[in-house]
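# An overview of the molecular structure
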Amino acid sequence: MNLQSIEDEALHLPKEERAKLIQRLVLSLESPTEEELRSDWLLVAQSRAEELDNGSVQAVSGQNVMRRARALTK
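Here we summarise the structure given alongside this text. (Residues numbered from 1 in each chain as written. Predicted model: local features only at pLDDT ≥ 70, side-chain atom pairs only at ≥ 80, totals over all residues. Heavy atoms only, no water.)

Counting its regular elements, the protein chain contains 4 helices and 0 strands. Counting helices and strands in the order they occur from the N terminus, the protein chain gives α-α-α-α. Taking 2.2 N^0.38 as the reference for a compact globule, 74 residues should give roughly 11 Å; the C-alpha atoms of the protein chain span a radius of gyration of 23 Å, well beyond that estimate. (Helix = DSSP H or I, 4+ residues; strand = E, 2+ residues; numbered from the N terminus. Rg over C-alpha atoms; globule rule 2.2 N^0.38 Å.)

Moving on to the environment of Leu52. When you line up the elements, Leu52 lands in helix 3 (residues 34-54). Excluding anything up to four places from it in sequence, Leu52 contacts Val57, Gln58 and Ala59. (Contact = heavy atoms within 4.5 Å.)

Under the criterion given, the structure shown has 2 salt bridges. Its salt-bridge partner being Glu34, residue Arg38 comes within 3.2 Å of it at the nearest N-O pair. Of this pair, Arg38 and Glu34 both sit in helix 3, separated by 4 residues, roughly a single helical turn. Between Glu35 and Arg38 there is a salt bridge; the shortest N-O distance is 2.8 Å. Of this pair, Glu35 and Arg38 both sit in helix 3, 3 residues apart, roughly one helical turn. Through salt bridges with shared partners, one network takes in Glu34, Glu35 and Arg38. (Salt bridge = Lys/Arg side-chain N within 4 Å of Asp/Glu carboxyl O.)

This is the structure:
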């Protein structure tokens, strides 16, 4: 099936179904790929490691984070 035949079939769908198809297609363009997500998380991890190494931030223990989180939910 080529693009032209897909387009022809899509144009014969009822208006509501065409709208749903458009939404799914747009969302598929906006969603990052697994590789993009992996790359983004690696950049964040590297940036955070650099901040720890250069002393611009200080590490907080997981236990301390959980204590603070619980206090916020009370």
